[in-house]
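This is what each chain is made of:
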Amino acid sequence: MDSEDRIALFLDYENLALGARDHLGGMTFDFRPIADALAERGRVVVRRAYADWSYFDEDRRMLTRSHVELIEMPQRMGASRKNAADIKMAVDAMELAFERDYISTFVLCTGDSDFTPLVDKLRGLNKRVIGVGVEKSTSALLPPACDEFLYYDRLEGVDARSSRTRGGGRTARATPEPEPRRAKPVPEPEPEPVPEVGDVDELAVIVAQTVAGLQGSSGGEVTASTLKRTLLRKDPTFSESDYGFRAFGELLRHLGDRNVIELSGGRAKGDPEVALPEHGDREDGFALLRSVVLDAGGGGAALSGLKNQVRRVRPDFSEKKLGYRTFLQFCKAAATGGAVQLRWNPEADDYLVTATS
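Small disclaimer: the values here were computed from a predicted structure and weren't measured.

Even without glycine at this site, His-67 takes up a positive phi of about 65°. Checked against the element boundaries, His-67 lands in the loop between helix H3 (57-65) and strand S3 (69-72). In this structure His-67 comes out as exposed when scored by relative accessible area, which is 64%. One non-glycine residue, Asn-126, lies in positive phi territory at about 65°.

Now the structure itself:
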């Protein structure tokens with residue numbers, strides 16, 4: 001237990017509940033997906049939610065069953081009430097940060113950019129900060145400030161397609177029983193929309209570049225856990241599930257099968273070492289590029305169309321497999337390695353690639 005992260009959870013409940021209602025098809029906010037996501041990250045020792053609970057009667061029961069402490073903000077003065085709740089939540093978070101050293105992670109469930117200074121202060125106190133918010137109601141300023149940001153609508157167990165309600169709603173008034181009539185054919189249910197999946201090729205480039213950067217800066221081994229933390233520092237909203245993978249290890253195995261990275265046993269079980277393939281693949285790529293440019297003649301070859309010439313020689317060629325985002329980036333690396341020369345030709349408004357002598 002001593003190695004577990006201790007988590008303090010703070011919910012700006014009105015922000016989350018209204019965000020879910022307004023942007024997720026009128027659905028009612030459910031705390032369980034957040035609790036499940038945090039259970040994977042550590043031990044939650046403090047749970048507090050802030051709202052005028054007279055507006056959220058059913059939600060009170062749901063949160064109480066989940067052992068969330070309800071902080072009542074009874075003012076009914078519009079923006080003043082909202083500001084009072086924000087200030088109370090920020091003060092309580094700072095108080096805990098100073099009083100309870102064992103709390104290592106603060107989770108702020110809100111999409112309000114007003115909490116960005118609180119995030120900065122907590123991180124300055126060496127606390128890890130995770131944000132949670134509804135995607136369409138979250139300010140663009142908040143996620144980059146956090147160590148990790150979870151969009152509520154992407155969490156496992158959140159069904160944004162249906163408009164769910166709890167008990168206590170209006171009761172339908174009785175209506176006269178309609179006269180019997182011929183039954184109409186039941187329409188076929190519409191197929192569920194397929195969730196969008198991120199571009200795995202682009203992710204492969206980001207992963208390869210990140211591994212290369214970590215190897216260059218640390219000079220030592222790069223573990224899967226270190227790689228995941230670094231990817232989250234680059235993009236706090238990163239999640240392997242957005243690319244169709246159930247776990248980060250599954251993503252790494254997929255990239256390993258594509259020869260983007262290499263995996264080997266690490267010091268800790270379940271935390272393999274991640275490395276780039278031997279540079280021979282890149283050297284082969286540079287050599288291939290040089291041979292194609294040589295075949296083009298002494299005048300060299302224009303960059304536009306050069307990739308197609310390379311693929312005529314080797315149809316499976318892809319600069320992304322070698323860790324480069326674009327073909328131009330690959331050519332610049334080849335020029336740095338001395339395989340070719342690259343210069344801008346203003347007359348052709350294009351780069352000219354020539355083979356080194």
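Turning to the pattern of salt bridges, a few remarks are in order. Evaluated as defined, the whole model comprises 14 salt bridges. The shortest N-O distance in the salt bridge between Lys-88 and Asp-92 comes to 3.4 Å. One end of the pair is Lys-88 and the other is Asp-92, both in helix H4 (residues 79-99) and four residues apart, which spans about a single turn. Its relative accessible area of 5% is what places Asp-92 among the buried residues.

Time to look at the pairing of strand S6 (residues 148-151). Residues Glu-148 and Leu-150 of S6 are buried on one face, and the alternating residues Phe-149 and Tyr-151, pointing to the opposite face, are buried as well. Where strand S5 (residues 128-133) meets S6, four bridges bridge the pair, whose relative direction is parallel. The partner of Val-132 across the bridge, within S6, is Leu-150.

Looking at the protein as a whole, its pLDDT mean stands at 81, while 83% of the residues score no less than 70. Here residues 161-178 is modelled with pLDDT under 50, and outside its nearest four sequence neighbours on either side it reaches 20 contacts, counting other chains as well.

Bringing a negative patch on the surface into the picture now. Judged by side-chain charge, Glu-262, Asp-281, Glu-283 and Asp-284 come together as a negatively charged surface patch. Take the negative patch: its biggest share by element is three residues, from helix H9 (residues 280-295). Tracing the backbone shows Glu-262 in strand S8 (residues 262-268).

Here Gly-300 shows up in the loop between H9 and strand S10 (301-302). Residue classification places Gly-300 among the buried positions, given a relative accessible area of 17%. For the pair Gly-300 and Leu-352, spaced 52 residues apart in the sequence, the C-alpha separation amounts to 6.5 Å. Look past the residues within four positions of Gly-300 in its chain and what remains in contact with it is Val-293, Leu-352, Val-353 and Thr-354.

Paired through backbone hydrogen bonds, the strands of a sheet run either parallel or antiparallel to each other. An order of S7-S9-S8 is seen for the three strands of this open sheet, with the pairing classed as antiparallel. With partners counted over all chains shown, the strands left at the sheet margins are strand S7 (222-223) and S8, one partner each. Sheet topology places S8 next to strand S9 (residues 271-275); four bridges connect them, and they run antiparallel. Of the residues in S9, the one forming a bridge with Ala-268 is Asp-271.

Calculation rules
- Residues numbered from 1 in each chain as written.
- Predicted model: local features only at pLDDT ≥ 70, side-chain atom pairs only at ≥ 80, totals over all residues.
- Heavy atoms only, no water.
- Helix = DSSP H or I, 4+ residues; strand = E, 2+ residues; numbered from the N terminus.
- Buried < 20%, exposed > 50% of the residue type's maximum accessible area, 1.4 Å probe, protein only.
- Salt bridge = Lys/Arg side-chain N within 4 Å of Asp/Glu carboxyl O.
- Pairing = 2+ DSSP bridges.
- pLDDT = per-residue confidence, 0-100.
- Contact = heavy atoms within 4.5 Å.
- Patch = residues over 30% accessible without salt bridge, like charges linked within 9 Å, V, L, I, M, F, W, Y side chains within 5 Å.
- Areas by Shrake-Rupley, 256 points an atom, 1.4 Å probe, with all protein chains shown as cover.
- Lys, Arg positive; Asp, Glu negative; His and termini not counted.
- Charge placed at Lys NZ, Arg CZ, Asp CG, Glu CD.

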